[in-house]
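# Structural features, examined
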Amino acid sequence: MSSENQPQEKLQKVLASIGLASRRVVEDYIIDERITVNGEIAHIGQRVNRHEDQLLFDGVPLRVSPELTYYLIHKPLGIISTAKDPQGRRTIVDLVPPEPRVYPVGRLDKETEGLILLTNDGDLTYRLTHPSHGIEKEYLVKVGKKLSRGSLRQLREGITLDDGLTSPARVSQIQDGVVKIVIHEGKNRQVRRMFQAVGHPVERLIRTRIGNLVDHTLQSGQWRELTTLDLLHFEVDQVVD
Ligand code: URA
């Protein structure tokens, strides 16, 4: 459909329909000048095109276009996280509905499990994968034996890998040989290489959080669609410039 043919809808209806808040509260947001449409302060009754117009709430993009889809999926072991595999193997993208076509945001190794985002929103993908944003990622790491205090300190302070020093990380051993680590970089195979460098090859690696996105109910291979509110809080917490 060309943009001229796409329906114009009342702003407060669009905002309520995406679950931002009730119509009444949404109207208060508009009156309080918290909403902008294409960079201009919005007003009650304004008509917008949800496919085209850029709506912000407190400066954070509201993802109102029905064409934009976001899935949070728990990647199973052994599945690759690229959109397409030259060898024709099943990829993470084959685990969600085929339409609209979505793409992984960043990567997990084939042998890594846990949370990964899939979307067709190129703008969000760019924001999340750009190194300057440094979004936090939390992993649960299982190694063969207990780490010493010295190894934990090294992981925390930074490890020199062949592509540079890792940034300070939050690291805690939650039981002997099981470590929670929070990093905000995305060097290739970073967690595995950090643990290898302190003499503890990784036996199992699970990503348990991306920014503030956590979901303990998702089993391996399961996914859920993210709501507007999930995305709004995610952006507010993590990727506002
Ligand atoms: N670090 C790794 O080593 N592997 C992943 O898949 C993600 C982070």
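Residues numbered from 1 in each chain as written. Predicted model: local features only at pLDDT ≥ 70, side-chain atom pairs only at ≥ 80, totals over all residues. Heavy atoms only, no water.

### Here we look at the sheet that holds strand β2 (residues 35-37)
One open sheet holds the four strands; their spatial order is β3-β2-β5-β6, and the pairing between them is antiparallel. Unpaired on one side and paired on the other, β3 (40-41) and β6 (60-61) mark the two borders of the sheet. Across two bridges, the pairing between strand β5 (residues 55-57) and β6 is antiparallel. By the bridge assignment, F57 is partnered in β6 with V60. (Pairing = 2+ DSSP bridges. Helix = DSSP H or I, 4+ residues; strand = E, 2+ residues; numbered from the N terminus.)

### Section: the site of the ligand
Around the ligand, the structure places L108, D109, T112, Y139, R189, Q190, V191, R192 and L205. Contacts to the ligand include T112, whose side-chain N or O atom sits 2.9 Å from an oxygen atom. Here R189 contributes a backbone N or O atom positioned 3.2 Å from an oxygen atom of the ligand. In the complex, the protein chains occlude 95% of the 230 Å² of accessible area that the ligand would expose alone. Mapping the ligand onto the cavity grids shows that it belongs to the largest pocket. No other element matches helix α5 (residues 190-197), which puts three residues into the shell around the ligand. In the shell around the ligand, the residues fall into four nonpolar, two polar and three charged. (Near = heavy atom within 4 Å. Polar contact = N/O pair within 3.5 Å; in protein donor to acceptor, adjacent residues only side chain to side chain. Areas by Shrake-Rupley, 256 points an atom, 1.4 Å probe, with all protein chains shown as cover. 1 Å grid on protein atoms, 1.4 Å probe; cavity = no way out; pocket = protein on both sides within 12 Å on 5 of 7 lines; lining within 4 Å. Sits in = over half its atoms within 2 Å of the grid points. Nonpolar A, V, L, I, M, F, W, Y, C, P; charged D, E, K, R; others polar.)

### Notes on the pattern of salt bridges
Inspection of every chain in the model, using the stated rule, returns 19 salt bridges. In this structure, K110 and E111 form a salt bridge, with 3.9 Å as the shortest nitrogen-oxygen distance. Looking at E111, the relative accessible area reads 40%, which means it is partly exposed. Its salt-bridge partner being R170, residue E136 comes within 3.0 Å of it at the nearest N-O pair. Placement of E136 in the loop between α3 (122-129) and β10 (137-143) and of R170 in strand β13 (residues 170-175) is noted, with a sequence separation of 34 residues between them. Residue E136 is classed as partly exposed on the basis of its relative accessible area of 21%. Each of the salt bridges in this network shares a partner with another, and the network as a whole consists of E136, E138, R170 and R209. (Salt bridge = Lys/Arg side-chain N within 4 Å of Asp/Glu carboxyl O. Buried < 20%, exposed > 50% of the residue type's maximum accessible area, 1.4 Å probe, protein only.)

### Remarks on the domain arrangement of the protein
With domains assigned, the protein is organised as domain 1 (3-61), domain 2 (70-131 + 214-227) and domain 3 (136-210). In this structure, domain 2 and domain 3 have C-alpha centres spaced 22 Å apart. The interface is formed by 13 residues belonging to domain 2 together with ten residues belonging to domain 3. Three residues, D109, E113 and L115, lead the burial of domain 2 against domain 3; their summed loss comes to 50% of the area buried on that side. Where domain 2 packs against domain 3, one counts three salt bridges. Close ionic contact of E113 with R204 constitutes a salt bridge, the shortest N to O distance being 2.8 Å. The tally of links from domain 2 across to domain 3 stands at eight residue pairs in polar contact (both at pLDDT 80 or more). Of all the elements in the fold, those that place two or more residues in the side of domain 2 that touches domain 3 are β7 (70-75) and β9 (112-119). If you tally residues by element for the side of domain 2 that touches domain 3, the top one is β9, at six residues. The residue inventory of the side of domain 2 that touches domain 3, partitioned by class, reads six nonpolar, three polar and four charged. (Domains from an automatic or database assignment. Contact = heavy atoms within 4.5 Å. Buried area = accessible area lost by both parts, 1.4 Å probe.)

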